[in-house]
Amino acid sequence: MLDPKVKELINTQINQELYSAYLYLDFANYYYDEGLDGFANWYDIQAQEERDHAMLMRTYLQNNGERVTLDAVAKPDQTFNSPEDPLKAGLEHEIYVTSLINTIYKAAQDVNDFRTMQCFDWFVKEQGEEEKNADDLIKKYQLFGHDPKGLYALNQELLTRTYAAPSLVL
Ligand code: FEO
């Protein structure tokens, strides 16, 4: 069993991760509409990774005898005026998710829940990668995205991203 506050925060985070998946599917939809299938592919895979995060947290709660409660997933409601907009929104969102993961980690630390801290070490590290990936995308877009040939090449590069299962096994 887990501390009730830690359990509740992780249960809420499952919803946040599913929302992240939904948000990135919405980004992908925008890029498909714009004819940028590489950017769309990148976010389709990102959405899959977010679902993985939710499933890992679900398994963690279940492995600790906790009942998981699923809530409604909020509707993504952003509008974009440029291919750069979702990239910036993505970084902003990941910074927010980092704050949520840190809150879980701190709650676990406060009650000496070393098991949750050990599990969430992976998510803390993952958030570092998520923020870097989002920031790298913005930098690449700013360097190459305003030139049609550069945008084409960047789109082709993002088309090569393939899905890899998470390295965390529970
Ligand atoms: Fe689940 Fe993008 O962090």
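Predicted, not measured: the structure shown is a model, and the values here were computed from it. (Residues numbered from 1 in each chain as written. Predicted model: local features only at pLDDT ≥ 70, side-chain atom pairs only at ≥ 80, totals over all residues. Heavy atoms only, no water.)

## As for the packing of helix α3 (residues 84–110) against helix α4 (residues 114–144)
Where α3 meets α4, the closest approach of the two axes is 9 Å, and the angle between their N-to-C directions is 165 degrees. Between α3 and α4, the crossing angle belongs to the class labelled roughly antiparallel. Relative to α4, α3 is oriented so that their crossing is left-handed. By residue class, the composition of the contact of α3 with α4 is 16 nonpolar, six polar and seven charged. (Axes fitted to C-alpha atoms, helices over the stretch in contact; angles between N-to-C directions. Helix = DSSP H or I, 4+ residues; strand = E, 2+ residues; numbered from the N terminus. Parallel < 35°, antiparallel > 145°, perpendicular 65-115°, else oblique. Left-handed = near helix turned anticlockwise from the far one by under 90°. Nonpolar A, V, L, I, M, F, W, Y, C, P; charged D, E, K, R; others polar.)

## Description of the packing of helix α1 (residues 4–34) against helix α2 (residues 37–63)
Close contact between α1 and α2 brings their axes to 8 Å; oriented N to C, the two are set at 165 degrees. Taken as axis vectors, α1 and α2 run roughly antiparallel relative to one another. For α1 against α2, the interelement crossing comes out left-handed.

## So, the nonpolar core
Formed by 25 residues in total, the largest nonpolar core has its most connected members in Phe 27, Tyr 31, Phe 39, Tyr 43 and Leu 87. For this core, the secondary-structure elements that each account for two or more residues are α1, α2, α3, α4 and α5 (148–159). If you tally residues by element for this core, the top one is α1, at eight residues. Leu 87 has contacts with Tyr 31, Phe 39, Tyr 43, Leu 137, Ile 138 and Tyr 141, leaving out every residue within four places of it along the chain. In this structure, Val 6, Val 68, Cys 119 and Phe 123 belong to the second largest nonpolar core, which totals 21 residues. (Core = buried A, V, L, I, M, F, W, Y, C linked by side-chain atoms within 4.5 Å. Buried < 20%, exposed > 50% of the residue type's maximum accessible area, 1.4 Å probe, protein only. Contact = heavy atoms within 4.5 Å.)

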